[in-house]
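Overview (structure and organization)
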Amino acid sequence: MNNAGIGAVGAFEATPMSLVRQLLETNTIGTMAMCQAVIPQMRARRSGIIVNVTSSVTLGAFPLAAAYTASKQAIEGFTGSLAHELAYSISR
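Residues numbered from 1 in each chain as written. Predicted model: local features only at pLDDT ≥ 70, side-chain atom pairs only at ≥ 80, totals over all residues. Heavy atoms only, no water.

1. Digging into the overall build of the chain
Counting its secondary structure elements, the chain contains two helices and zero strands. With the C-alpha coordinates aligned to their principal axes, the bounding extent of the chain is approximately 50 × 25 × 15 Å. A total of 92 residues make up the chain; the buried ones form 27% of that total. Pairs at least 24 apart in sequence give 61% of the contacts found in the chain among residues at least 6 apart. When the accessible surface of the chain is totalled, it reaches about 6000 Å², and 61% of it is carbon and sulfur. (Helix = DSSP H or I, 4+ residues; strand = E, 2+ residues; numbered from the N terminus. Buried < 20%, exposed > 50% of the residue type's maximum accessible area, 1.4 Å probe, protein only. Contact = heavy atoms within 4.5 Å. Areas by Shrake-Rupley, 256 points an atom, 1.4 Å probe, with all protein chains shown as cover.)

Here you go:
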């Protein structure tokens, strides 16, 4: 289960790019790295479940959360694609 993350609120134009990078590195790249680390073990066992926890910000647009929302929306898309990619290959 991937549930780690950091949050940030504020106007995007005032958000330092260093914070945007930190959000993406932690919330997005961190989640992807964990998936990449466990997939070989899942293949070896021919079973497993990955649960990527995102945020309620993926359900609708919230003000003052643009960078955070982007980092979590990326995981929504990633998880959907990964599910298709692994659907048949893990259990075979």
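2. Examining the side chain of Asn-27
Here Asn-27 shows up in helix 1 (residues 17-45). In this structure the side chain of Asn-27 is engaged in a polar contact, spanning 2.8 Å, whose partner is the backbone nitrogen of Ile-6. Here Ser-71 takes part through its side chain, which lies 3.1 Å from a polar atom of the side chain of Asn-27. Leave out the neighbours within four places in its chain, and Asn-27 touches Ala-4, Gly-5, Ile-6, Tyr-68, Ser-71, Lys-72 and Ile-75. (Polar contact = N/O pair within 3.5 Å; in protein donor to acceptor, adjacent residues only side chain to side chain.)

3. Overview of the nonpolar core
Core analysis: the biggest nonpolar cluster contains six residues, these being Cys-35, Ile-39, Met-42, Leu-82, Leu-86 and Ile-90. Secondary structure elements with two or more residues in this core: helix 1 and helix 2 (66-86). With three residues, helix 1 is the largest single contributor of residues to this core. When neighbours within four sequence positions are excluded, Cys-35 is seen to be in contact with Asn-2, Ile-50, Asn-52, Phe-78 and Leu-82. (Core = buried A, V, L, I, M, F, W, Y, C linked by side-chain atoms within 4.5 Å.)

4. With respect to the packing of helix 1 against helix 2
One can describe the packing of helix 1 onto helix 2 by two numbers: an axis separation of 8 Å at closest approach and a directional angle of 20 degrees. By the angle between their axes, helix 1 is roughly parallel relative to helix 2. Remark: the crossing between helix 1 and helix 2 carries right-handed chirality. Judged by residue contacts, Val-20, Leu-23, Leu-24, Asn-27, Thr-28, Thr-31, Met-32, Cys-35, Ile-39 and Arg-43 of helix 1 engage Ala-67, Tyr-68, Ser-71, Lys-72, Ala-74, Ile-75, Phe-78, Leu-82 and Leu-86 from helix 2. Here the contact of helix 1 with helix 2 is composed, by residue class, of 13 nonpolar, four polar and two charged. (Axes fitted to C-alpha atoms, helices over the stretch in contact; angles between N-to-C directions. Parallel < 35°, antiparallel > 145°, perpendicular 65-115°, else oblique. Left-handed = near helix turned anticlockwise from the far one by under 90°. Nonpolar A, V, L, I, M, F, W, Y, C, P; charged D, E, K, R; others polar.)

5. A word on helix 1
For helix 1, spanning 29 residues, the distance from its first C-alpha to its last is 41 Å, which sits close to the expected 42 Å at 1.5 Å a residue. The sharpest bend along helix 1 measures roughly 35 degrees and falls at Ile-29. Of all the positions in helix 1, only Val-20, Leu-23, Asn-27, Thr-28, Thr-31, Cys-35, Ile-39 and Met-42 are classed as buried. Those residues of helix 1 hidden inside the fold are in contact with helix 2. Taken from the residues just after helix 1, Arg-46 is the one with a positive phi, measuring 60 degrees. (Expected span 1.5 Å × (residues − 1). Bend = angle between axes of the 7 residues up to and from the residue.)

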